[in-house]
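# An overview of the molecular structure
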Protein chains: 2
Amino acid sequence: MAQESTHETELSGALLRVGAGFLLSEVDPDATPGVDGGKKDGQKQLADGESRFDELQERLYAQSRVDDDTPAVLLVLQAMDTAGKGGIVRHVIGATDPQGVRLKAFKAPTPEERAHDFLWRIEKELPPAGYIGVFDRSHYEDVLIGRVRELASPKEIERRYHAINAFEERVADSGTHIVKVMLHISADEQKARLTERLDRPDKHWKYHPGDVDERLLWPQYMDAYQTVFERTSTDLAPWHVVPANAKWYARLAVQTLLIEAFERIDPQWPAADFDVEAEKKRLAAS
Amino acid sequence: MAQESTHETELSGALLRVGAGFLLSEVDPDATPGVDGGKKDGQKQLADGESRFDELQERLYAQSRVDDDTPAVLLVLQAMDTAGKGGIVRHVIGATDPQGVRLKAFKAPTPEERAHDFLWRIEKELPPAGYIGVFDRSHYEDVLIGRVRELASPKEIERRYHAINAFEERVADSGTHIVKVMLHISADEQKARLTERLDRPDKHWKYHPGDVDERLLWPQYMDAYQTVFERTSTDLAPWHVVPANAKWYARLAVQTLLIEAFERIDPQWPAADFDVEAEKKRLAAS
């Protein structure tokens, strides 16, 4: 398991990484680790990061056009309802070319999906070389709601932690940089956000009575997340817990994590595989 | 076939629609029909339209969450290389929530795809209720490059026009609003854009020597487009030819076409299918 750094002052993945001894209950959802300046500063940093994020994504995509071994990036987003996964997709991922993104929102499994191992439908959605895959919920649902709602036996849940680690090890070894993020809001913040959905007729469609049913199991969900972190935060695919009561902070943090992943890959513009001068002449004559 | 309106002064789909007697050769790729103010004004209009576009898309998506019969919108983009399809995806489609968009770039067909009718792979990518589908190239390649490069017999090409019209009629009847767009650039503009790709090492990956091979067949492609317009611009699925030498104009025009499609659908926020007051109480107590 990765060691958590305690010496960072700037926002970085190391500040948010789940290491040995991590306790979710000690994370303040209102905190903004690594950012002192508040919302206005944070939003400016987010805007400043967009061009960097976008250029790195384009480089990665470009490299993959000539090199089948180009890595991919997979962002796994998990959170309680209303924590802001959709906002991440829009405001962080939305800053780059949709053509380089593979987005998948995992819902309750279909009968066909349930007839397979829980990782069957996940495998099919892994991003190809050069792409950013975004999982809005993921295989972790199978050890979160799966555990809280007892949708599987304890023995099966236990098997799944092992299966997830083996699966992610293979995915990482095959060239995909996995960025796992839990957006962490407080129960009070969730109540405020659900209340807003009930107060606004144009938000009613986003509200489901079942949201309150899940909310009533908040402590059980936090326990299930804690276990997920203990069992599946690995060196190859560490978890990051992002305080998310401040939406601007959560977005900036996820952008930072993705930029760091791209920088580890360090994608390069491909060299021309044709004679540039000859093509210039051919084009001029056309 | 739709009649082309000649009385419009504001930018609208009617100004760009392919009607009886349409001649591609008479469309000036530098023109900006319906927009007098030039680039700065056009960019402002585009920015102003983004929130309208975004709200309509969200309404449509919301409606589809409670109503399986909600329409979809399908944008079909065709063009010569460098005409700006990618820019449309980024700057027009990119203004709305990626979660409501299904984007598909059609490449040369795979062996599996070639073993089926040309519409087989198209069918699989049609947008579900409430989504915007975007086809970057489409089944029209099979009567464009298919015709110019003689990839199929004249009899088969002939069959395809009929097949496309029958297919699109069914798609439209099943509730999908089809918006077909050809981005029209001049051969000189293409030369300038390809030259820029050759001049910039970070753009080399976008250049393919085959682009010049296709370019040398420009008149044949324009003939093939003219025939496409004559044979497949129907009331249910009319073509629009968008002058595209000015990128800002092409983007504004496509945004306008999409907003018009949404307005024809007139999607509504769904009424709550739960007791709002009861839920407020339950939430407050949670």
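Remember, it's a predicted structure, so these values are computed and weren't measured experimentally.

The rules behind the values
- Residues numbered from 1 in each chain as written.
- Chains lettered and ligands numbered in written order.
- Predicted model: local features only at pLDDT ≥ 70, side-chain atom pairs only at ≥ 80, totals over all residues.
- Heavy atoms only, no water.
- Contact = heavy atoms within 4.5 Å.
- Buried area = accessible area lost by both parts, 1.4 Å probe.
- Salt bridge = Lys/Arg side-chain N within 4 Å of Asp/Glu carboxyl O.
- Polar contact = N/O pair within 3.5 Å; in protein donor to acceptor, adjacent residues only side chain to side chain.
- Helix = DSSP H or I, 4+ residues; strand = E, 2+ residues; numbered from the N terminus.
- Nonpolar A, V, L, I, M, F, W, Y, C, P; charged D, E, K, R; others polar.
- Phe/Tyr/Trp six-rings, centres within 6.5 Å; stacked < 30°, edge-to-face > 60°.
- Buried < 20%, exposed > 50% of the residue type's maximum accessible area, 1.4 Å probe, protein only.
- Pairing = 2+ DSSP bridges.
- Axes fitted to C-alpha atoms, helices over the stretch in contact; angles between N-to-C directions.

With 44 residues of chain A in contact, the opposing surface of chain B contributes 44 residues. Across the interface of chain A and chain B, roughly 3900 Å² is buried in total on both sides, 61% from carbon and sulfur atoms. Contact with chain B buries surface across chain A, with Arg-90, Trp-205 and Leu-283 of chain A losing the most and accounting together for 19% of the total. At the junction of chain A and chain B, the tally comes to 8 salt bridges. With a shortest N-O distance of 3.0 Å, Asp-54 of chain A and Arg-90 of chain B are connected by a salt bridge. Joining chain A to chain B, the criterion identifies 20 residue pairs in polar contact (both at pLDDT 80 or more). Looking at the side of chain A that touches chain B, the elements that each hand over two or more residues are helix H2 (38-66), helix H3 (85-91), strand E2 (101-105), helix H8 (187-199), helix H9 (209-215) and helix H12 (276-284) of chain A. Among the residues making up the side of chain A that touches chain B, the classes are represented as 22 nonpolar, 6 polar and 16 charged.

Within this structure, the stated rule accounts for 20 aromatic pairs over all chains. Ring centres 5.9 Å apart and planes at 75 degrees place the aromatic pair Trp-205 of chain A and Tyr-61 of chain B in the edge-to-face group. Residue Trp-205 of chain A is located in the loop between H8 and H9, and its partner Tyr-61 of chain B is located in helix H2 (residues 38-66); the two belong to separate chains. Of the residues examined, Trp-205 of chain A reaches a relative accessible area of 13% and is grouped as buried. Ring geometry for Phe-106 of chain B and Phe-135 of chain B: centres 5.0 Å apart, planes at 85 degrees, overall edge-to-face. Within this pair, whereas Phe-106 of chain B is found in the loop between strand E2 (101-105) and helix H4 (111-114), its partner Phe-135 of chain B is found in strand E3 (residues 132-136), the two being separated by 29 residues in sequence. For the residue pair Phe-106 of chain B and Phe-135 of chain B, the accessibility class agrees, reading buried in each case. Put simply, the rings of Phe-22, Tyr-140, Tyr-225, Phe-229 and Trp-239 of chain A pair up and form one aromatic cluster.

Right, let's get into the sheet that holds strand E4 (residues 176-184) of chain A. All names here are of chain A. Here we have 5 strands laid out as an open sheet, ordered E2-E3-E1-E4-E5, and parallel in their pairing. Each edge of the open sheet carries a strand with a single partner, namely E2 and strand E5 (239-243). Across the sheet, the axes of successive neighbouring strands diverge by a mean angle of 20 degrees, strand direction being ignored. Bridge count between E2 and strand E3 (residues 132-136): 5 bridges; the pairing is parallel. Bridged to Ala-105 within E3 is Asp-136.

In this section: the pattern of salt bridges. Overall, the coordinates contain 46 salt bridges over all chains when judged by the stated rule. The partner of Glu-123 of chain A in a salt bridge is Arg-170 of chain A, and the shortest N-O contact between them spans 2.6 Å. Note that Glu-123 of chain A is positioned in helix H5 (residues 120-123) and Arg-170 of chain A in helix H7 (residues 154-173), a separation of 47 residues in sequence. Residue Asp-199 of chain B pairs with Lys-280 of chain A through a salt bridge whose shortest N-O separation is 3.4 Å. Residue Asp-199 of chain B is found in helix H8 (residues 187-199), and its partner Lys-280 of chain A is found in helix H12; the two belong to separate chains. One connected set of salt bridges, linked through shared partners, spans Asp-117, Glu-156, Arg-159 and Arg-160 of chain A.

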